[in-house]
Amino acid sequence: MDAVAAEVPVALAYNDEPFAVMLGTPQDIADFALGFSLSEGIVGAPGELAIEDIATSLEGISVSLRVPPARAAALQSRRRNLQGRSGCGVCGTESIEAVLRPPPRVGDGPRIAASALQRALRELRRSQPLNALTGATHAAGWADADGALRFVREDVGRHNALDKLIGAMALAGADPQRGVCVVTSRASYEMAMKAAQAGIAVLAAISAPTALAIALAETSGLTLIGFARDDGHAVYTHPQRLLEDGDDAVAAPRATDTNR
């Protein structure tokens, strides 16, 4: 017997207009819809999005969303083809400008001790039940400035996992400026863009960043950390937020995901 990860089409429609179909793991769909809407800049705050229906069928999952008229009008200028892949965060985007849209600069953010980063990575490895069963999913986690993991979301797609995390944090009212996001993937441009768009100031990935991700992180103020593993890490941009052990880090509020 073997446990196999589910992967199904998830269709998102805004104001009755189809926008994107992504392949993802069929759980935490409300988190995904909100996080995707925030990280793609479709809405600027959770209150601008209403989830009208989540319908499951043999073909997949359809999510009906409602946004203010001004947001819907802006969406018409960045239409997507109705196809996405779990491994691609910008597949189907129709213009170079839509792909390379600059996110707003992140705020001052926290100061994180290297030991706190290591703690977050250790806790993330222990907090992936789907991956433990299947070996086929990515995870994105959020830890406070002490390194205590507060939120984790999993998905077959690394971008989907990050979107789910962003949505869960937004629903809980967690401040993205007061902790570190850790992900079990490379730090691609899309991952850096989504993090910055959501206001996250520190992103740590277990694998390498890309050149475009580094450039985006530099201009947006994001602290980008790669190769974050037991034996160390590499800081590519804005290293002032990562403290040498022994310094005092700013404590973060303990908003906890009580549904996990």
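Refer to the structure presented above.
Residues numbered from 1 in each chain as written. Predicted model: local features only at pLDDT ≥ 70, side-chain atom pairs only at ≥ 80, totals over all residues. Heavy atoms only, no water.

### Digging into the pattern of salt bridges
Any two side chains of opposite charge can pair, given that their charged atoms come close.
Then, number 1: Enumeration according to the criterion identifies eleven salt bridges in this entry.
Then, number 2: With a shortest N-O distance of 3.8 Å, Arg153 and Asp28 are connected by a salt bridge. Note that Arg153 is positioned in strand S7 (residues 149-155) and Asp28 in the loop between strand S2 (17-24) and helix H1 (29-39), a separation of 125 residues in sequence. Each member of the pair Arg153 and Asp28 is classed as buried. (Salt bridge = Lys/Arg side-chain N within 4 Å of Asp/Glu carboxyl O. Helix = DSSP H or I, 4+ residues; strand = E, 2+ residues; numbered from the N terminus. Buried < 20%, exposed > 50% of the residue type's maximum accessible area, 1.4 Å probe, protein only.)

### Description of the side chain of Thr25
Then, number 1: Along the chain, the position of Thr25 falls in the loop between S2 and H1.
Then, number 2: Setting aside residues no more than four positions away along its own chain, Thr25 makes contact with Ala6, Leu130, Asp155, Val156 and Lys164. (Contact = heavy atoms within 4.5 Å.)

### Let's talk about the nonpolar core
Then, number 1: Leu12, Tyr14 and Val182 are the most contacted members of the largest nonpolar core, which has 69 residues in total.
Then, number 2: Leaving out residues up to four positions away in the same chain, Val182 has contacts with Leu117, Ala120, Leu121, Leu124, Ala139, Ala140, Gly141, Leu149 and Ala204. (Core = buried A, V, L, I, M, F, W, Y, C linked by side-chain atoms within 4.5 Å.)

### Focus on the pairing of strand S9 (residues 202-205)
Then, number 1: Going residue by residue along S9, you find Val202 and Ala204 tucked away on one face and Leu203 and Ala205 tucked away on the opposite face as well.
Then, number 2: Sheet topology note: the strand S8 (residues 179-183)/S9 ladder contains three bridges and is parallel. Across the sheet, residue Cys181 finds its bridge partner in S9, namely Leu203.
Then, number 3: Where the polypeptide runs from S8 across helix H7 (residues 189-197) and back to S9, its parallel neighbour, the crossover connection is right-handed.
Then, number 4: With three bridges joining them, S9 and strand S10 (residues 223-229) adopt parallel strand pairing. Paired with Leu203 across the two strands is Leu224, which belongs to S10.
Then, number 5: Remark: the S9/helix H8 (residues 211-220)/S10 crossover connection has right-handed handedness. (Pairing = 2+ DSSP bridges. Right-handed = clockwise from strand over helix to strand, strands pointing away.)

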